[in-house]
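# Remarks on the overall topology
Spelled out, the chains give:
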Amino acid sequence: MTQPLVVLEHVEKHFGALHVLQDVNLTVRRGEVVVVIGPSGSGKSTLCRTINRLETIESGTITVDGVPLPAEGRALARLRADVGMVFQSFNLFAHRTVLQNVTLGLRKVRHLGSREAKERAMALLERVGVASQADKLPAQLSGGQQQRVAIARALAMEPKVMLFDEPTSALDPEMINEVLDVMTSLAAEGMTMVVVTHEMGFARRAADRVVFMDGGAIVEEADPETFFTAPRSDRARDFLSKILTH
Amino acid sequence: MDLIADNLPAYLSGFRVTLQLTVISGAVALVWGTVLAAMRVSPVATLRGLAVTYVELLRNTPLTLVFFFLVFVAPQFGVLPPLGFWTAVIALSAYTSAFVCEAVRSGVNGVPVGQAEAARAIGLTFGQTLTLVVLPQAVRSVIPPLINVLIALTKNTSVAAGFAVVELLASGRRIALANPSEAVLALVGVGLFYLVITIPAGYLAGVLERKVAFAR
């Protein structure tokens, strides 16, 4: 029931001289919400991007649902379809309407007919509250709306796990909550999630486990209550004191 | 201007050959150049290497030499290209495709990398990412440089005059030789006919650019 879904073992990566991932070991179980926090440049986004191989690793292993990440090619494309990803900068397809953004994967990867794809897509847009914008181009939407469309686009593939790479960092403050609300309800429905974020409120409310990274290494892992009230490491204490004072 | 009017049929038959050379070579070069561009951005190192070699070879060789190679050298290796018009088409499209490739590649590089990442993240293959997401967005920024390439091609077709193809320049030269006192006018006529192709091409570029525009 709580079998591991995403497993990283001894993962190492450098960007030139920068040791961006140092012996990273992380297990995400089915249905678990893992929130990764840490200062800028701590490697948390890179960690998130290695899970669907948008970043390659130098050594170590990553498995998703028991399958090691394949090398570039069709097998990797199939695996990526099962791993949803939401980006900091939304990355909606700029030349396609909101609806087409969601149906593209359904048509071309899941091979649904146009009618069925449209029905599924509209249901998802309804769920994230942007159905009325279906025929607009992404640039006509607010950042919060765009990010909700991006979540619908990822959910359309019915992924086993969703990766969120700082999903609210590019948003105006008043739009952050509309995105976090969608994520919170996803978490409540049992979606397996890996969330890189600076939103401590979300981490506290929705996370099953908080992973704190610094300098490319996982420094501390704990349930949110323990982490936010009694962090074990000095670095986590230091980090929290800087961000939780106001 | 009487000279041009009197020789209109000769000009027109040359113009027709020039137009055919331009349209056919242009179409082949667009397709082949786009394939080359796809090879240059592909994850397969062998394909990238082949495309780079081809582009560097063809774009750094004078067009006249490409013609010479096809007409005089290739037969010595047992390859006999059909003489005249089709040899010119092969030379022109092989040469022009190298420039098309670089124009398309610059457009591909101009599409934000997040677009391709998002496409790969939902499980699209490399080919699908390129044809469904990246190239459609590259088209807009690629149109101006591509029209430059096609206008250059239009004028480059005149090299075929030196290889037994009676296109516009060859026709004009014949008219000039037959009317030595008005040779300059005869060549001005040739220039005017090139404008008939290149000016609308520039106009078409503007129309296309507006048509495929979308807000980012």
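Described in the following lines is the structure provided in the data block. Residue positions are counted from 1 within each chain, in the order its sequence is given. Chains and ligands are labelled by the order in which they are written, letters from A for the one and numbers from 1 for the other. Local features in this predicted model are restricted to residues of pLDDT 70 or higher, and side-chain atom pairs are both shown and tallied only at a pLDDT of 80 or more, whereas totals for entire chains, interfaces and linings draw on every residue. Note that the side-chain values use all heavy atoms of the structure and ignore hydrogens as well as water.

A word on unusual backbone geometry. All names here are of chain A. Even without being glycine, His111 reaches a positive phi, approximately 55 degrees. For helices the rule is a DSSP run of H or I covering at least 4 residues; for strands it is a run of E covering at least 2, with both sets numbered from the N terminus onward. With respect to the secondary-structure elements, His111 resides in the loop between α3 (98-108) and α4 (114-127). Residue classification places His111 among the exposed positions, given a relative accessible area of 63%. Its identity is not glycine, yet Glu158 carries a phi of approximately 50 degrees, on the positive side. A relative accessible area of 57% places Glu158 in the exposed class. Residue burial is assigned from relative accessible area. The probe radius is 1.4 Å, only protein chains are included, and a residue is buried under 20% of its type maximum, exposed over 50%, and partly exposed in between.

All names here are of chain A. With mixed pairing, the 6 strands of this open sheet are ordered in space as β6-β7-β8-β3-β9-β10. Single-partner strands in this sheet number two, and they are β6 (83-86) and β10 (217-222). The mean angle between the axes of side-by-side strands here comes to 20 degrees, regardless of whether they run parallel or antiparallel. Relative to strand β7 (residues 161-165), β6 runs parallel, the two sharing 4 bridges. Across the sheet, residue Met85 finds its bridge partner in β7, namely Leu163. Along the sheet, helix α5 (residues 143-155) contacts β6 and β7; its crossing angle with β6, the most-contacted strand, is approximately 170 degrees. In this analysis, two residues are considered to be in contact whenever any of their non-hydrogen atoms come within 4.5 Å of each other. Here an axis means a line fitted to C-alpha atoms, over the contact stretch when the element is a helix, while the angle between two N-to-C directions is reported on a 0 to 180 degree scale. Contacts from helix α9 (residues 234-243) reach β3 (33-37), β9 (209-214) and β10, with the element oriented near 95 degrees to β9. DSSP bridges decide pairing: two strands pair if at least two such bridges lie between them.

So, on to a nonpolar patch on the surface. Residues and elements named next belong to chain B. Nonpolar side chains (Val, Leu, Ile, Met, Phe, Trp, Tyr) within 5 Å and like charges within 9 Å form the patches, drawn only from residues with over 30% relative accessible area and no salt bridge. For accessible areas, the Shrake-Rupley method is used with a probe of radius 1.4 Å. Any residue's cover is judged against the shown protein chains and nothing else. Salt bridges are counted wherever a side-chain nitrogen of Lys or Arg sits within 4 Å of a carboxyl oxygen of Asp or Glu. The grouping of Leu65, Phe68, Phe69, Phe72, Val73, Phe77 and Val79 at the surface amounts to a nonpolar patch, some 710 Å² of accessible area in total. Secondary-structure assignment places Leu65 in helix α4 (residues 63-73). Given a relative accessible area of 47%, Leu65 falls into the partly exposed group.

Attention now goes to the sheet that holds strand β5 (residues 67-68) of chain A. Ordered by their spatial adjacency, 4 strands build an open sheet running β2-β1-β4-β5 (chain A), and the pairing between neighbours is antiparallel. With one partner strand each, in any of the chains shown, β2 (18-29) and β5 of chain A form the two edges of the open sheet.

Looking now at the interface of chain A and chain B. Contact residues are listed per partner, giving 25 residues for chain A and 20 residues for chain B. Values labelled buried area give the accessible surface lost by two parts on being combined, using a 1.4 Å probe and summing over both. Interface area, chain A with chain B, both sides summed: about 1,900 Å², of which 65% is carbon and sulfur. When the buried area of chain A at its contact with chain B is split by residue, A:Phe93, A:Ala94 and A:His95 rank highest and sum to 25% of it. Here chain A and chain B share 1 salt bridge between them. Here B:Glu117 makes a salt bridge to A:Arg49, at a shortest N to O gap of 2.6 Å. We define a polar contact as two N or O atoms separated by no more than 3.5 Å, with the added condition that, inside protein, one atom must be a possible hydrogen donor and the other a possible acceptor, whereas residues neighbouring each other in sequence contribute only through side-chain atom pairs. In this assembly, chain A and chain B are joined by 8 residue pairs in polar contact (both at pLDDT 80 or more). Listing elements by their share of the side of chain A that touches chain B, those giving two or more residues are α2 (74-81), β6 and α3 of chain A. A per-element tally of the side of chain A that touches chain B places α2(A) first, with 4 residues. Only Asp, Glu, Lys and Arg are considered charged in this grouping, and only Ala, Val, Leu, Ile, Met, Phe, Trp, Tyr, Cys and Pro are considered nonpolar; every other residue, Gly among them, is considered polar. Looking at the side of chain A that touches chain B residue by residue, the class counts come to 14 nonpolar, 4 polar and 7 charged.

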